[in-house]
Number of protein chains: 2
Amino acid sequence: MAGKEGNLPAAMRLGHDHARCIEEAMTLAAELCARRGARLTELRRAVLEFVWQSHAPLGAYAILDMLSAEGRKPMPPTVYRALDFLLQQKLIHRIASLNAYIGCIDPGRPHSGQHLICRLCGTVAEVDEEAISGAIAASARDLQFSVEHQTVEVTGICVNCVPD
Amino acid sequence: MAGKEGNLPAAMRLGHDHARCIEEAMTLAAELCARRGARLTELRRAVLEFVWQSHAPLGAYAILDMLSAEGRKPMPPTVYRALDFLLQQKLIHRIASLNAYIGCIDPGRPHSGQHLICRLCGTVAEVDEEAISGAIAASARDLQFSVEHQTVEVTGICVNCVPD
DNA sequence: AATTAGTACGTTATAATATAACATAATCAC
DNA sequence: GTGATTATGTTATATTATAACGTACTAATT
Ligand SMILES: [Zn+2]
Ligand SMILES: [Zn+2]
Ligand SMILES: [Zn+2]
Ligand SMILES: [Zn+2]
């Protein structure tokens, strides 16, 4: 039978090849922006790459500090504008309960993802469960509520942070 | 057949008796706190009543202004402490995507509610759909993720704000 | 009633997150 | 190349939230 990491999202597989996560995300971002005629400038690229440095979401001011350490000395609006661009292109998601930003695992396909947030290690895994988004859509339909956006943030302890 | 307001939550029924919403919420809060040995002080009572003034969530600084207009001149920590108490007692919920606070419609019963947020009128309706919370719980179980809290915030247009 | 422990509130200062407004520079369309 | 558009730089400020410490109130104990 499969081990406990069998079907987990990459974010929750400890030994996964994260360099590949980053590379794939950056390549896909470039492709999508090119296809859409959106300009993935050097600054925006750098911000996206910082966001992808780990599977824990990054705050705007943490990004600011990382850019500063790189030699650029941007001010907050610069960072927030880059984040706004990446949000519009759906290359990142904002985690409202953390005021922080994380890379989208499937920016090429429209989806309403759900985020599982580990309170201990900070890892956030994005999943896209039709059962969840469908249940929300059905409930909204009952109430004649026209849905524009679903935010689902689940806080708890991930498999790597609980005793077996 | 029932009208469009047939089974809607109170928040979305335009003509509902909101004075009764407030009264019931305050009465229940007093009962619950008494039962729990928690002190619903005059300040906490006032904050809870302000939060219940409408079905649109209220920011901490709006509450601060309302308390100021009443003659008290509290500073931010005072308001945040009252909000923390009300959150601990589960008399209110925090709406993360709005940085604002709203009364819980069923504080006596443990639940993980979902919030429908109308982008136009600001109304927030709390529902508790087992289909949603169950789908989230099931998905988390698959990932061996131990859930502590679910945040579900659905943004869109409520029935009173869409053309028929 | 005085003592004491615990809780709630007051007060000052500051942290953390985010945006408004306007100037300059880079890029694109023609 | 010229002008329009888009992106970034820059200054200032708004908004949300908390740290730290002091005082006052409450409740139980003697
Ligand atoms: Zn990875
Ligand atoms: Zn996504
Ligand atoms: Zn009401
Ligand atoms: Zn509730």
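Residues numbered from 1 in each chain as written. Chains lettered and ligands numbered in written order. Predicted model: local features only at pLDDT ≥ 70, side-chain atom pairs only at ≥ 80, totals over all residues. Heavy atoms only, no water.

(A) Focus on the coordination of the zinc ion (ligand 4). All names here are of chain B. Around the zinc ion (ligand 4), the protein supplies H93 (NE2), C104 (SG), H111 (NE2), E126 (OE) and E126 (OE) as donor atoms, at distances of 1.9 to 2.8 Å. Within one chain, the residues donating to the zinc ion (ligand 4) are spaced in sequence as H-x10-C-x6-H-x14-E. A residue pair is termed long-range when its members are at least 10 positions apart, and H93 in strand β1 (residues 92–95) and C104 in the loop between β2 (100–103) and β3 (114–118) qualify at eleven residues. The burial state of H93 is the same as that of C104; both residues are buried. (Donors = N, O, S within 2.8 Å, 3.2 Å for Na, K, Ca; no water. Helix = DSSP H or I, 4+ residues; strand = E, 2+ residues; numbered from the N terminus. Buried < 20%, exposed > 50% of the residue type's maximum accessible area, 1.4 Å probe, protein only.)

(B) Spotlight on helix α3 (residues 60–69) of chain A. All names here are of chain A. Of all the positions in α3, only A60, I63, L64 and L67 are classed as buried. Buried positions in α3, seen along its axis, are confined to an arc of 105° and lie on one side of it. Among the exposed residues of α3, those pointing more than 90 degrees away from its buried face are D65 and A69. On its buried face, α3 is in contact with α2 (42–51), α4 (76–88) and β2 (100–103). A positive backbone phi angle near 115° is found at G71, which sits one or two residues after α3. (Arc of directions from axis to C-beta. Contact = heavy atoms within 4.5 Å.)

(C) The arrangement of the coordination of the zinc ion (ligand 1) in detail. Residues and elements named next belong to chain A. Only H16 (NE2), H18 (ND1), C21 (SG) and H55 (NE2) from the protein coordinate the zinc ion (ligand 1), and they sit 1.9 to 2.3 Å from it. Because the angles between the four donor atoms bound to the zinc ion (ligand 1) fall within 103 to 114°, the donor set is best described as tetrahedral. All donors of the zinc ion (ligand 1) belong to a single chain; written as a sequence motif, their spacing is H-x1-H-x2-C-x33-H. Note that H18 is positioned in helix α1 (residues 18–36) and H55 in the loop between α2 and α3, a separation of 37 residues in sequence. (Tetrahedral: all angles 85-135°; square planar, octahedral: opposite > 155°, others 65-115°.)

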